[in-house]
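Survey of secondary and tertiary structure
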Amino acid sequence: MNENEREEEGCVFEIAVVVPKWGENNGDERDDANCVDLLVDELRRKGLIVQRVVGLQNEFIKLAASDDVIGKAAAELQFRKPTRIGMDLPFEWEEALAFIRLPDGSLFSWCERFRCYNHIIYGIVNTQKSSVVLRTDCTEEEWNPGECLLRKLEEIGVVKEVFPLHDEKKRKQLLRSWAMNWSDFTTQPIDDICAYYGMKIATYFTFLGMYTRWMLFPASLGLAVQLVDFGSLQFMVLPFFFMSLISWVVLFFQFWKRKNAAISARLQIYNSVASDSEYRSIKTEPSLSRFPSELMKKQNTDRMKEKANFQREEWFSWLRRVRNDAFIIMSIICLQLPFELAYAHLYEVLGADVLKFGLTAVYLLVIQYFTRMGGKISVKLIKYEKYETAENRTNSLVYKVFGVYFMQSYIGVFYHALLHRNITTLRQVLIQRLVISEVIENLLENSIPYLSYSFKKYRAVRKKREKEPSTGKPRAFLRVEKEYLKPSYAASIGQEIEDGLFDDFLELVLQFGMIMMFACAFPLAFAFAAVNNITEIRADALKLLAMMRRPIPRSEETIGAWLNIFQFLIVMSICTNSALLVCMYDREGNWNLSPGLAAILIMEHVLLFIKFGFSRIVPEEPAWVKAARLKNATQAEQVCTRQLLKSFSGDEKWFQEVRMQESKKTA
């Protein structure tokens, strides 16, 4: 085995810390201890397995941990894990045998291990009473008492980055069973994906697989509508196709909610929730225990003040969100809408294809600026909004940014469909957006990370040769250095959005809106979408496994704000397709409520009833999931009740002892 790739037997390094080479800034090699040596010593003192390797440009500190180190960290974080008695209880390392292990035999999932690593390495603080001198290449810094060592080194530029490493054995296994497995187009190893990437990415691929599988029905129906001549019944084909489509999509999302609940319950073993506080015994003040009226008066006063503060903060937060949302909407209407309409009008009136091509090129360049500007404005606005969780904050950003993309993607199509009423041009635009755009986006999505990695690798080798010219055989790249040079899985609009799932979901949502809102104009679009999604599953898997760094695991179990956006697009599709049918059947343009047009309006109301009525027919949660949740809640309530009774009993005994001691002193 190559020395650069050597790992300790039976040990998998999961985290890497990137630091500069010692002496790279001034060219000398000093023998005295430096801050990197101190960091390594502290990491080893925490019980981590540390291996230092030197790359072409940087030095890498690879970290691994045994089960007992991770277990003690999990106990400190108060992970709630399932036990053999069926309850989720705070983890205790001494009682590890009572907790259920994962299918692979391990006690902790990757998401839990990553949180434990963060807790350990960012929990290294200066416990001494005096400052410690940290020596770097050029300067000396002080590590103050109580200060986190890793954050201090990040501030002064010694630690460049901390990132998770791929597990080569599991990565290659997923490549075979997932990315390169074409035996079944939509089946995916969801359990393995969840164990390796976390719940959020597993939820995305579960949704993508189910959406692609269900897409086969409208794709087949669209092919029949487009290719088969139904003779005298041809005028009824599009309304029937549209009604079937709405019924299909409503049922799909209802069954997705059921599947999401079932998947979350089944994969909950890979996820844990850290409780901020455990059940604590209620300790009252002995001086007020003899006077319950004063105690109740004090509690009522505190409760009223707390309630007023909560209400004030709640309304201020709501007003800030309304103000920011209104600012985004008015900006889209006043700035982006006129630009989009002007482009659509010019595209319609220009005759030469060369002029249309040049106009489209200019439009694409300008719209990128609008999109980036809208994303930056949205990020700045949500900084002044207060949210209870990071998930709510991310959802707010998704809504704002989607508004910009919605206007960019659909306003030109709306113009051709509803204002100009040119069905031929509308179909050309749909074909261009669905076929050409998606093919180009998939190529760029997978080629840009590889080109970025190749360029960084070439630049690293070139700089190394310029600094240290040698005639010998060039040294091979370390695997950890290759991981460092790969791009991270982040959103293209900016690092403020947590991960690259924003781009993947956005691409899926824009495709869904395109094929649904203009389904009657181009039924064949569903077949193109189905083929694209089958390819998208394998392309996204290959991108994550081979072209990107291992993402930071996320524990979200739903698709979040994207579900509400899908629901919004369903309602929009009912309105737009009804208008399209009016345009297609009212060829004279009189807009008279003839029997045919009246039937279309009635159909629209029926479809809206189906949209909101079917949501009550299919339960969103399977019965076994509901029963398991209620059982767990009942057991937790019983444990809480026992602990409260014990605490009350203990307090009463304590008060009796205090009274007896005071009475003895008085006597």
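As recorded in an unreviewed UniProt entry, the protein chain goes by the name Anoctamin-like protein, listed as coming from Perilla frutescens var. hirtella. A UniProt comment under Subcellular location (unreviewed entry) is attached to the protein chain, and it reads "Membrane".

**Remarks on the overall build of the protein chain**
Helices and strands together make up the secondary structure of the protein chain, namely 19 helices and nine strands. Here the protein chain holds 667 residues, and the buried ones make up 46% of them. Accessible surface for the protein chain amounts to roughly 35,600 Å². Of this, 59% is attributable to carbon and sulfur atoms.

**Thoughts on the state of the cysteines**
Applying the stated rule across the entire model yields zero disulfides. Not engaged in a disulfide, the cysteine Cys194 finds its nearest cysteine sulfur in Cys111; these two sulfurs lie 8.4 Å apart. The buried category is assigned to Cys194, whose relative accessible area is 3%.

**Notes on the pattern of salt bridges**
Scanning all chains against the criterion turns up 12 salt bridges. Close ionic contact of Lys81 with Glu112 constitutes a salt bridge, the shortest N to O distance being 3.1 Å. Linking Lys81 in strand 4 (residues 79-82) with Glu112 in helix 3 (residues 110-121), this pair joins segments that are 31 residues apart in sequence. Among the ionic pairs, Glu168 bridges to Arg171, the shortest N-O distance being 3.1 Å. Taken as a pair, Glu168 and Arg171 lie in helix 5 (residues 168-179) at a separation of three residues, close to a single helical turn. Here the two residues Glu168 and Arg171 agree in accessibility, since each one is buried. Three or more residues joined by partner-sharing salt bridges are found here, namely Glu14, Asp67 and Arg113.

**Topic: the layout of surface pockets**
The computed volume of the second largest pocket comes to approximately 1,000 Å³. Every residue lining the second largest pocket is counted, 35 residues in all, and those nearest its centre are Val12, Glu14, Asp104, Asp167 and Lys170. Secondary structure elements with two or more residues in the lining of the second largest pocket: helix 3, helix 5 and helix 6 (190-197). In terms of residues, the lining of the second largest pocket owes the most to one element, helix 5, which gives five residues.

**Re a nonpolar patch on the surface**
On the surface, a cluster of nonpolar side chains totalling about 690 Å² of accessible area is made up of Leu223, Leu227, Val228, Phe230, Leu233, Phe235 and Met236. Counting through the fold element by element, Phe230 comes out in the loop between helix 7 (199-227) and helix 8 (237-266).

**Quick word on the sheet that holds strand 3 (residues 58-64)**
Pairing is antiparallel in the open sheet, where four strands are placed in the order 2-3-1-8. Only two strands of the sheet have a single neighbouring strand rather than two, namely strand 2 (49-54) and strand 8 (161-164). Averaged over all pairs of adjacent strands, the angle between strand axes in this sheet comes to 25°, irrespective of strand direction. In terms of strand pairing, strand 1 (residues 15-20) meets strand 3 through six bridges, oriented antiparallel. The residue of strand 3 that forms the bridge with Pro20 is Asn58. Contacting strand 1, strand 2 and strand 3, helix 1 (residues 35-45) runs over the sheet at an angle of about 150° to strand 2.

**Some points on the packing of aromatic side chains**
Evaluation of the coordinates by the stated rule reveals 30 aromatic pairs. With centroids separated by 5.9 Å and ring planes inclined at 55°, the aromatic side chains of Phe207 and Phe252 adopt a geometry described as tilted. Of this pair, Phe207 sits in helix 7 while Phe252 sits in helix 8, and the two are 45 residues apart along the sequence. Look at Phe207 and you get buried, because its relative accessible area is 0%. Over the aromatic face of Phe163 sits the side chain of Arg549, whose NZ or CZ is 4.8 Å from the ring centroid. A cation over a ring is seen here: Arg550 above Trp110, with NZ or CZ 3.9 Å from the ring centre.

**Quick word on the environment of Leu89**
With respect to the secondary-structure elements, Leu89 resides in strand 5 (residues 88-90). On the accessibility criterion, Leu89 (24% relative accessible area) is partly exposed. The spatial distance from the C-alpha of Leu89 to the C-alpha of Phe79 is 7.9 Å, given a sequence separation of 10 residues. Look past the residues within four positions of Leu89 in its chain and what remains in contact with it is Phe79, Arg80, Lys81, Thr83 and Phe99.

**Observations regarding unusual backbone geometry**
What is expected of a backbone is that most residues other than glycine have negative phi and most peptide bonds are trans. A positive phi angle, close to 60°, is found at Gln78, a residue other than glycine. Within the secondary structure, Gln78 is located in the loop between helix 2 (67-77) and strand 4. On the basis of relative accessible area, Gln78 is assigned to the buried category, the value being 17%.

**A word on the UniProt feature "transmembrane region" (unreviewed entry) in the protein chain**
The residues that UniProt annotates with the feature "transmembrane region" (unreviewed entry) are residues 233-256, 326-345, 357-375, 396-418, 508-531, 559-581 and 593-614. The span residues 559-581 carries 91% helix and 0% strand; its end-to-end C-alpha distance comes to 32 Å.

**Describing the packing of helix 6 against helix 7**
Relative to each other, helix 6 and helix 7 sit at 150°, their axes nearing to 7 Å. The orientation of helix 6 relative to helix 7 falls into the category roughly antiparallel. As for how helix 6 packs across helix 7, the hand of that crossing is right-handed. Note on element contacts: helix 7 touches helix 6 through Met199, Ile201, Ala202, Phe205 and Thr206, opposite Ile190, Ile193, Cys194 and Tyr197.

**Looking at the side chain of Asp504**
With respect to the helices and strands, Asp504 occurs in helix 15 (residues 501-517). Apart from residues no more than four positions distant in its own chain, Asp504 is found in contact with Tyr204, Glu445, Tyr489, Asp540 and Lys543.

**Structural notes on the pairing of strand 3**
Of all seven residues in strand 3, seven are buried; the element is thus mostly enclosed. Burial of the side chains of strand 3 extends over both faces: Asn58, Phe60, Lys62 and Ala64 are buried on one face and Glu59, Ile61 and Leu63 on the other.

The rules behind these values
- Residues numbered from 1 in each chain as written.
- Predicted model: local features only at pLDDT ≥ 70, side-chain atom pairs only at ≥ 80, totals over all residues.
- Heavy atoms only, no water.
- UniProt positions renumbered as here; feature names shortened; annotations may be inferred.
- Helix = DSSP H or I, 4+ residues; strand = E, 2+ residues; numbered from the N terminus.
- Buried < 20%, exposed > 50% of the residue type's maximum accessible area, 1.4 Å probe, protein only.
- Areas by Shrake-Rupley, 256 points an atom, 1.4 Å probe, with all protein chains shown as cover.
- Disulfide = S-S within 2.5 Å.
- Salt bridge = Lys/Arg side-chain N within 4 Å of Asp/Glu carboxyl O.
- 1 Å grid on protein atoms, 1.4 Å probe; cavity = no way out; pocket = protein on both sides within 12 Å on 5 of 7 lines; lining within 4 Å.
- Points joined across faces, edges and corners; volume = space filled by probe spheres on them.
- Patch = residues over 30% accessible without salt bridge, like charges linked within 9 Å, V, L, I, M, F, W, Y side chains within 5 Å.
- Pairing = 2+ DSSP bridges.
- Axes fitted to C-alpha atoms, helices over the stretch in contact; angles between N-to-C directions.
- Contact = heavy atoms within 4.5 Å.
- Phe/Tyr/Trp six-rings, centres within 6.5 Å; stacked < 30°, edge-to-face > 60°.
- Lys NZ or Arg CZ within 6 Å of the ring centre and 35° of its normal.
- Parallel < 35°, antiparallel > 145°, perpendicular 65-115°, else oblique.
- Left-handed = near helix turned anticlockwise from the far one by under 90°.

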